[in-house]
Amino acid sequence: MKKDKLEENSYQQFYDIIVVGAGHAGCESALVSARMGAKTLLLTMNLDTIAQMSCNPAIGGVAKGQLVCEIDALGGEMGKIADKAGLQFRMLNKSKGPAVWSPRAQCDKLYYKMYMKQSLEKENNLTLLQAEVENLLVKNDKIEGVETKTGLRFFSKAVILTTGTFLNGVVHIGLKNFSSGRMGEFASTGISKCLKDLGFEVGRLKTGTPPRINGRTINFSKLEPQYGDFPPVPFSHFTTQITQNQLPCWITYTNENTHKIILQNLDRSPLYCGIIKGIGPRYCPSIEDKVVRFKDKDRHQIFLEPEGYNTNEYYCNGISTSLPEDVQEQLVRSIVGCENAEILRYGYAIEYDFYPPTQINPSMETKIVQGLYFAGQVNGTTGYEEAAAQGLMAGINAVLKLRGKEEFILNRDEAYIGVLIDDLVTKGVMDPYRMFTSRAEHRLMLRTDNADLRLIDYGYKFGLVGGEQYKYFSTYREQIKNIIDFLNKKNKNKKDEQVFGMIQQGKKLTDVVKEKDLCQFIEKLDFDEKTNCRWNKEKLLEQVWVQIKYSGYIKKQMVEIEKQRRLENKKIPETIDYFKIKGLLKEAQIKLDKFKPRTIGQASRISGVTPADISVLLVYLKKYNTSK
């Protein structure tokens, strides 16, 4: 026994931060903590599946694209990697206002994880190791490190848990199910037991994925092509140009026969037989759910999306399913263009443990164990982008805590990331959380095009945006101001008529631009050399146009934000006993005591807390602060 103990101790290693899991949350956590100077260890069950795109090989989308641009502005990696690996780029909602413009890129999934792994391997303060964590080392409610399945112990001051769908994961195909964290990979069981023993509340969620088919067996002549934008718009402020070739996606639909096949086999669906207990994503249902719930629809759209440049594999976006393999064969071959399609990978559903996010603070640190952080699907979210955003914030805050500095919390009016985290810690989740533009009260302020203007200063402050990059950005920001100042001061004269036509002289050019949407002609005007403008920058001109065009609405939102901030900034002491506050409804007392909001603004968003409760709380706080 003495010899065994000695051998175990000889393998002990010490780090500042340990990140468990190398999915999209884990990669961002590990990168930011290492870049901020913390000695970091990234542990993963398989080094070959770092940043694996388990489901759709795409980054971005409605509201998700905003998250990616914010991650980039804060110094994260997702946007830069997507720019390198993207094989089709589209700006969604371009026909609508800029508040909902959302970039999306279909990616080569092998390139994506290869580029991300390269980024991780290049970091001097970061160590990667393939090992399965089975236990968390906790003493006096403080994290001390982790223990692997083989008994190795690694000690640290902070641990960031980013385990995705691996905690007690169970895969379902038809009426068969088996333990798995992802198809073909082992589930993780030890951490779940450890967290439960520590007192964490646990729940079960479910997600799924569609079959992948062989592109050589698709009849593309029957399908409608969907091309990307030209020129493609990158996610990252620092990507100057997308140079790789762009590939089309293809559109087809389910039909009456498809729906008949599904309905006839519901008795073999684990979802409808009651085998699956976890709650699935409300906004991304399986094809079984869509056919049953929307019986009035005679077809559902399907996108056939290439998974890479060097593969014939196509992702069937729109037919996520856990039906048996033989039914999946019938289902796929009932679809136009797929009559002879060969399935390369069958779709499946997966159930996994998650930990209701009301158990974490806005810094992503858990309330039960100091120094332990949760990020990604472990918090009940769905999507690569939501996970990456949480991972980045957990990494930043873990380092700040080690340095004894104030935690970094983004407000709801500062970023979609702020909305995401506030929703999680304040409201919890009933089903896998997905970001939407409608979740943001001030989405006109949280646009894709101004993510850099909103957040790069933070990235630079934390050392995640380099000096040269920041210098380039500062010039960009100065040029925007110079152009807008120039247009505000300059009145339209006869010389400008060749550009703007016969419009009343004496008007400010900003008013002309607002009225006529003539941003495309701005570069034709004569500018004073003092403006120091570079007129070949399309991004620059678009930003100027948006700020001028929507200036009135932006000012109105700023007034609303200032009012809200008065509540957001009003702190609630942690020592308050809500059960002693007379006038609070019983439900409010229970909810406030459970969630322990840090501010009045956060308290007002808790379900079950009424405006009357907030008024009572404000009166109590005034007396409480006076008496101290």
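As shown above, the structure is provided for reference.
Residues numbered from 1 in each chain as written. Predicted model: local features only at pLDDT ≥ 70, side-chain atom pairs only at ≥ 80, totals over all residues. Heavy atoms only, no water.

Enquirer: Whenever I open this one, the pairing of strand β1 (residues 13-20) confuses me. Can you help?
Expert: Regular strands have side chains that alternate between both faces of the sheet. As paired strands, β1 and strand β9 (residues 153-161) are joined by seven bridges and run parallel to one another. Paired with Val20 across the two strands is Leu161, which belongs to β9. For β1 and strand β2 (residues 40-44), the ladder comprises four bridges, and the chain directions are parallel. What sits directly across from Ile17, in β2, is Thr40. In terms of handedness, the path from β1 via helix α2 (residues 24-35) over to β2 forms a crossover that is right-handed. (Pairing = 2+ DSSP bridges. Helix = DSSP H or I, 4+ residues; strand = E, 2+ residues; numbered from the N terminus. Right-handed = clockwise from strand over helix to strand, strands pointing away.)

Enquirer: Please explain the nonpolar core as it appears in this structure.
Expert: By size, the foremost hydrophobic cluster in this structure holds 121 residues, and its most contacted members are Ile59, Tyr112, Leu195 and Ile417. With 11 residues, helix α10 (residues 384-402) is the largest single contributor of residues to this core. Not counting chain neighbours up to four residues away, the residues in contact with Ile59 comprise Met53, Val68, Met78, Ala82, Pro103, Arg104, Ala105, Cys107, Tyr112, Phe235, Tyr384 and Glu385. Core analysis: the next-biggest nonpolar cluster, separate from the first, contains 22 residues, Leu304, Tyr314, Val332 and Ile335 among them. (Core = buried A, V, L, I, M, F, W, Y, C linked by side-chain atoms within 4.5 Å. Buried < 20%, exposed > 50% of the residue type's maximum accessible area, 1.4 Å probe, protein only. Contact = heavy atoms within 4.5 Å.)

Enquirer: Sorry, what's going on with the pattern of salt bridges here?
Expert: It is possible for side chains bearing opposite charge to pair when their charged atoms get close. Counted under the stated rule, the structure contains 38 salt bridges. When the shortest N-O distance is used, the salt bridge between Arg412 and Asp423 registers 2.9 Å. Here Arg412, found in the loop between α10 and α11 (416-427), pairs with Asp423, found in helix α11; they are 11 residues apart in sequence, far enough to count as distant. The salt bridge involving Arg565 is made with Asp413; its shortest N-O contact spans 2.7 Å. Taken as a pair, Arg565 in helix α17 (residues 551-568) and Asp413 in the loop between α10 and α11 lie far apart in primary sequence, 152 residues in all. One salt-bridge network, held together by shared partners, links Arg412, Asp422, Asp423, Lys427, Glu441, Glu568 and Arg605. (Salt bridge = Lys/Arg side-chain N within 4 Å of Asp/Glu carboxyl O.)

Enquirer: Can you help me understand the sheet that holds strand β15 (residues 249-253) in this one?
Expert: Strands belonging to one sheet form pairs held by backbone hydrogen bonds; the direction of such a pair is parallel or antiparallel. The strand order β14-β15-β16-β17-β13-β18 describes an open sheet built from six strands, whose pairing is antiparallel. The open sheet has two edge strands, β14 (224-226) and β18 (343-345), and neither has a second partner. Going across the sheet, the axis of each strand differs from the next one's by a mean of 35°, ignoring polarity. (Axes fitted to C-alpha atoms, helices over the stretch in contact; angles between N-to-C directions.)

Enquirer: What's the story with the state of the cysteines in this structure? I'm lost.
Expert: Two cysteines whose sulfur atoms are joined by a covalent bond form what is called a disulfide. If you walk through the whole model with that rule in mind, you get zero disulfides. Free cysteine: Cys316, not disulfide-bonded; nearest cysteine sulfur from Cys338 at 6.0 Å. (Disulfide = S-S within 2.5 Å.)

Enquirer: Quick question: what am I supposed to make of the sheet that holds strand β11 (residues 176-179) here?
Expert: Spatial strand order, β11-β10-β19-β12: four strands in an open sheet with antiparallel pairing. Of all the strands in the sheet, the pair left with one neighbour each is β11 and β12 (203-209). Pairwise comparison of adjacent strand axes, ignoring direction, gives a mean angle of 25° for this sheet. Note: strand β10 (residues 170-173) against β11, four bridges, orientation antiparallel. Paired with Ile173 across the bridge in β11 is Lys176.

Enquirer: It is not clear to me how the packing of helix α13 (residues 467-489) against helix α16 (residues 538-549) should be interpreted in this structure. Could you clarify?
Expert: Between two packed helices, the angle of one axis relative to the other and the distance separating the axes together describe the packing. Between α13 and α16, the shortest axis-to-axis distance is 10 Å and the interhelical angle comes to 50°. By the angle between their directions, the pair α13 and α16 is classed as oblique. Relative to α16, α13 is oriented so that their crossing is right-handed. Taking contact as the criterion, the partners of Tyr476, Gln479, Ile480, Ile483, Ile484 and Leu487 in α13 are, on α16, Lys539, Leu540, Gln543, Val544, Gln547 and Ile548. Broken down by class, the residue content of the contact of α13 with α16 amounts to eight nonpolar, three polar and one charged. (Parallel < 35°, antiparallel > 145°, perpendicular 65-115°, else oblique. Left-handed = near helix turned anticlockwise from the far one by under 90°. Nonpolar A, V, L, I, M, F, W, Y, C, P; charged D, E, K, R; others polar.)

Enquirer: For this particular structure, what's the right way to read the environment of Thr252?
Expert: Here Thr252 lies in strand β15. As a C-alpha pair, Thr252 and Ile302 span 50 residues in sequence and 5.2 Å in three-dimensional space. The residues touching Thr252, leaving out its near neighbours within four places in the chain, are Leu223, His300, Gln301, Ile302, Leu304, Ile335 and Val336.

Enquirer: Help me understand the layout of surface pockets in this model?
Expert: Any space left empty among the atoms is revealed by the rolling of a water-sized probe across them. For the second largest pocket, the calculated volume is near 1000 Å³. In terms of lining residues, the second largest pocket is bounded by 39 residues, among which Val233, Pro234, Thr239, Glu538 and Lys539 are the most central. Elements with a minimum of two residues in the lining of the second largest pocket: α3 (64-73), α12 (451-461), α13 and α16. Counting residues per element, the lining of the second largest pocket draws most heavily on α16, at five residues. (1 Å grid on protein atoms, 1.4 Å probe; cavity = no way out; pocket = protein on both sides within 12 Å on 5 of 7 lines; lining within 4 Å. Points joined across faces, edges and corners; volume = space filled by probe spheres on them.)

Enquirer: Would you mind going over α10 with me for this structure?
Expert: Counting along an α-helix, one turn takes 3.6 residues, and residues three or four places apart therefore face a common direction. Along its 19 residues, α10 runs 27 Å from first to last C-alpha, staying within 8% of the 27 Å computed at 1.5 Å per residue. Of all 19 residues making up α10, 17 are buried, and the element is well covered by its neighbours. Looking one or two residues beyond α10, the residue adopting positive phi is Gly404, at roughly 70°. (Expected span 1.5 Å × (residues − 1).)

Enquirer: What exactly am I supposed to notice about empty space enclosed by the protein here?
Expert: Counted according to the given criterion, the structure contains one cavity of 30 Å³ or more. For the largest cavity, the calculated volume is near 40 Å³. Along the walls of the largest cavity sit Phe89, Arg90, Met91, Pro103, Arg104, Asp229, Val233, Pro234 and Phe235, which together make up its complete lining. Those elements that place two or more of their residues in the lining of the largest cavity are β4 (86-92) and β5 (102-107). At three residues, β4 tops the list of elements feeding residues into the lining of the largest cavity. Partitioning the lining of the largest cavity into residue classes produces six nonpolar, no polar and three charged.

Enquirer: Could you clarify how one ought to interpret the packing of aromatic side chains in this entry?
Expert: Two numbers describe a pair of aromatic rings. These are the distance of the centres and the angle of the planes. Applying the stated criterion across every chain, the model contains 17 aromatic pairs. Aromatic pair Phe14 and Phe155: ring centres 5.3 Å apart, planes at 20°, arrangement stacked. Residue Phe14 is found in strand β1, and its partner Phe155 is found in strand β9; the two are separated by 141 residues along the sequence. Seen from their ring centres, Tyr550 and Tyr553 are 6.4 Å apart, and the 45° between their planes marks the pair as tilted. What makes Tyr553 exposed here is its relative accessible area of 52%. (Phe/Tyr/Trp six-rings, centres within 6.5 Å; stacked < 30°, edge-to-face > 60°.)

Enquirer: Please explain the pairing of β9 as it appears in this structure.
Expert: Here β9 lies mainly inside the structure; seven of its nine residues are buried. In terms of strand pairing, strand β8 (residues 142-148) meets β9 through three bridges, oriented antiparallel. Pairing of Val146 across the sheet is with Phe154, part of β9. If you look at the hairpin formed by β8 and β9, you'll find four residues sitting between the two strands, and Gly151 has a positive phi there, around 95°. Where β9 and strand β20 (residues 372-374) come together, three bridges link them in parallel fashion. Residue pairing across strands places Val159 opposite Leu372, the latter belonging to β20.

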